[in-house]
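Overview (structure and organization)
The primary structure of each chain is shown beneath.
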Amino acid sequence: MNDKKRILVALHMLDGRAGPAFERLRQAGFEVEFNTLGRRLDEDELIDALPGVFATIAGVETYSERVLARAPDLNLISRWGVGYDSIDVGAATRHGVAVALAFGTNHESVADHAFAFMSGLASDVANTHRTIDGGGWRGDFRAPFSGATVGIVGLGRIGRAVARRCRAFDMRILANDIDPAAIDYGTGQGYEMVALDDIMGQSDFVSLHVPLTEITEGMMDAPRLARMKPTAYLINTARGGLIDEAALAGALSDGRLAGAGLDVFADEPPTGSPLLGLGNVLFSPHSATLNDTSERLVTERCVDTVLAVANGQDPGQGLVVNAEVLASGTDRP
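Basis of the calculations
- Residues numbered from 1 in each chain as written.
- Predicted model: local features only at pLDDT ≥ 70, side-chain atom pairs only at ≥ 80, totals over all residues.
- Heavy atoms only, no water.
- Helix = DSSP H or I, 4+ residues; strand = E, 2+ residues; numbered from the N terminus.
- Polar contact = N/O pair within 3.5 Å; in protein donor to acceptor, adjacent residues only side chain to side chain.
- Contact = heavy atoms within 4.5 Å.
- Pairing = 2+ DSSP bridges.
- Axes fitted to C-alpha atoms, helices over the stretch in contact; angles between N-to-C directions.
- Core = buried A, V, L, I, M, F, W, Y, C linked by side-chain atoms within 4.5 Å.
- Buried < 20%, exposed > 50% of the residue type's maximum accessible area, 1.4 Å probe, protein only.
- Right-handed = clockwise from strand over helix to strand, strands pointing away.
- Parallel < 35°, antiparallel > 145°, perpendicular 65-115°, else oblique.
- Left-handed = near helix turned anticlockwise from the far one by under 90°.
- Nonpolar A, V, L, I, M, F, W, Y, C, P; charged D, E, K, R; others polar.
- Salt bridge = Lys/Arg side-chain N within 4 Å of Asp/Glu carboxyl O.
- Expected span 1.5 Å × (residues − 1).

So, about the side chain of arginine 239. With respect to the secondary-structure elements, arginine 239 resides in the loop between strand E10 (233-236) and helix H11 (245-253). Within the structure, the side chain of arginine 239 is placed 2.8 Å from the side chain of aspartate 85, a separation counted as a polar contact. With sequence-adjacent residues up to four places away left out, arginine 239 is seen in contact with Val60, Arg79, Gly83, Asp85, Leu212, Val264 and His286.

Rendered as structure tokens:
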């Protein structure tokens, strides 16, 4: 076992969550520390917290070159989730820090959330609630939800889980992905694998399930949003940076798009975002993955990864995105 005994649980939402997985870390000789600020750590706070820390169970705090260069004891960033756009993987590799994800643990909860957005928007739940809560009593005719056309952008674990839910509601499923294995999967399931522009033009709901990369950043820009039907809805439970928020706000305000369901934003919290205050948007605070089952599964995966790396082992399953660090040894001087 490595003699660096501290683990920082940086994801603030886990503070006070006394799960058996953390007890396994303590039994292995680690001291478990939590982010008690009730929010994401900024870079300076993270730098101050990292001396003597062997591994972090990370949220979406930023692990930049600046942070990593000042964390000589850090061996592992174990992401509580599957995205790693807030981590400079190249810098982590140069500094001998392994970066691990928690694939296969939270896709069902995110799919539940995306589907809830679709159903809630189709049923106009937020507006009818506000009407009745304000003393009114009115409902309007609306398009049916069952049998609608859904376009799934990104047919990985989450996209596939969303598609299963849509199939149960007799929806026509369009999908787009660049991965040959995902294309084969979708074709085998009877989904219509089509170009992204076809998804935008034909779908009643467009649901985003791709990582944030140089290629996907801002992919939902004004020209692409303009391809959507004015009766359609955009759902994003992936990353806020996929969407040009000013363009989306304009389309929603002008009636060129019926509504949106957003769990993620370019800046979080989205203070001053032009999307705030619009009556045709459902919001949630980057919480799609937060249910009791996913908490247990993701935390267990992160702890398993910490224990494996501490024992000089690769946790397997492709969880470490820079596995070359493990090959060279993670125990830093």
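The strand order across the open sheet built from 5 strands is E2-E1-E3-E4-E5, with neighbouring strands paired in parallel fashion. If you trace the sheet from one side to the other, it starts and ends with strand E2 (31-34) and strand E5 (98-100), each paired once. Sheet twist, expressed as the average angle between the axes of neighbouring strands with direction ignored, equals 20 degrees. With 4 bridges joining them, strand E1 (residues 6-9) and strand E3 (residues 53-58) adopt parallel strand pairing. Following the sheet pairing, leucine 8 is matched in E3 by threonine 56. In the packing of helix H1 (residues 20-27) onto the sheet, the strands contacted are E1, E2 and E3, and the crossing angle to E2 comes to about 135 degrees. Sheet strands in contact with helix H12 (residues 292-310) are E1, E3, strand E4 (76-79) and E5, and its direction is about 160 degrees off that of E4.

For the rest of this paragraph, the subject is the nonpolar core. Formed by 30 residues in total, the largest nonpolar core has its most connected members in Met220, Leu234 and Leu248. Leaving out residues up to four positions away in the same chain, leucine 248 has contacts with Leu225, Leu234, Ile243, Leu257, Ala260, Leu262 and Leu275.

The buried fraction of strand E6 (residues 149-153) amounts to 5 of the 5 residues, a majority that puts the element mostly inside the structure. Both faces of E6 are covered, namely the face carrying Thr149, Gly151 and Val153 and the face carrying Val150 and Ile152. Where E6 meets strand E7 (residues 172-176), 5 bridges bridge the pair, whose relative direction is parallel. Following the sheet pairing, isoleucine 152 is matched in E7 by alanine 175. As a crossover connection, the stretch from E6 through helix H7 (residues 157-168) into E7 is right-handed. The pairing of E6 with strand E9 (residues 205-208) spans 4 bridges and is parallel. Looking across to E9, one finds that valine 150 is bridged to phenylalanine 205.

So, about the packing of helix H5 (residues 107-122) against H7. How two helices pack is summed up by the angle between their axes together with the distance between the axes. One way to put it is that H5 packs onto H7 with a least axis distance of 8 Å and a crossing angle of 50 degrees. Taken as axis vectors, H5 and H7 run oblique relative to one another. With respect to the hand of their crossing, H5 and H7 are arranged in right-handed fashion. Of the residues in H7, those in contact with His107, Glu108, Val110, Ala111, Asp112, Ala114, Phe115 and Met118 of H5 are Arg157, Ile158, Ala161, Val162, Arg164, Arg165 and Cys166. Grouping the amino acids of the contact of H5 with H7 by side-chain chemistry returns 9 nonpolar, 1 polar and 5 charged.

According to the stated counting rule, one finds 18 salt bridges in the structure shown. With its nearest N and O atoms 2.7 Å apart, the salt bridge here joins glutamate 108 to arginine 165. One end of the pair, glutamate 108, is in helix H5; the other, arginine 165, is in helix H7, with 57 residues separating them in the sequence. Notably, a salt bridge pairs aspartate 140 with arginine 138, separated by 3.2 Å at the nearest N-O pair. Salt bridges here are not isolated pairs; linked through shared partners, they connect Glu108, Asp112, Arg164 and Arg165.

Bringing the sheet that holds strand E11 (residues 259-262) into the picture now. Read across the open sheet, the 7 strands follow the order E8-E7-E6-E9-E10-E11-E12; overall the sheet is parallel. Two strands lie at the open edges of the sheet, namely strand E8 (192-193) and strand E12 (281-283), each paired on one side alone. Lying over the sheet, H5 contacts E6, E9, E10, E11 and E12, oriented at roughly 155 degrees with respect to E10.

Examined bridge by bridge, E1 and E2 share 4 bridges and lie parallel to one another. Bridge pairing links valine 9 to phenylalanine 34 in E2.

Turning our attention to the packing of H1 against H12. Two elements in contact, H1 and H12, have axes separated by 9 Å at closest approach and are oriented at 15 degrees. As summarised for this structure, H1 and H12 are arranged roughly parallel, according to the angle between their axes. Judged by the sense of rotation from one axis to the other, the crossing of H1 with H12 is left-handed. Along the contact surface, H1 presents Ala21, Phe22, Arg24 and Leu25, while H12 presents Thr299, Glu300, Val303, Asp304, Val306 and Leu307. Taken together, the residues of the contact of H1 with H12 sort by class into 6 nonpolar, 1 polar and 3 charged.

Across its 12 residues, H7 extends 17 Å between first and last C-alpha, which sits within 8% of the 16 Å expected from 1.5 Å per residue. Looking at H7, one finds that the buried residues are Ile158, Gly159, Ala161, Val162, Ala163, Arg165 and Cys166. Looking at the buried residues of H7, the elements they touch are H5, E6 and E7. Remark: aspartate 170 follows H7 within two positions and exhibits a positive phi of approximately 55 degrees.

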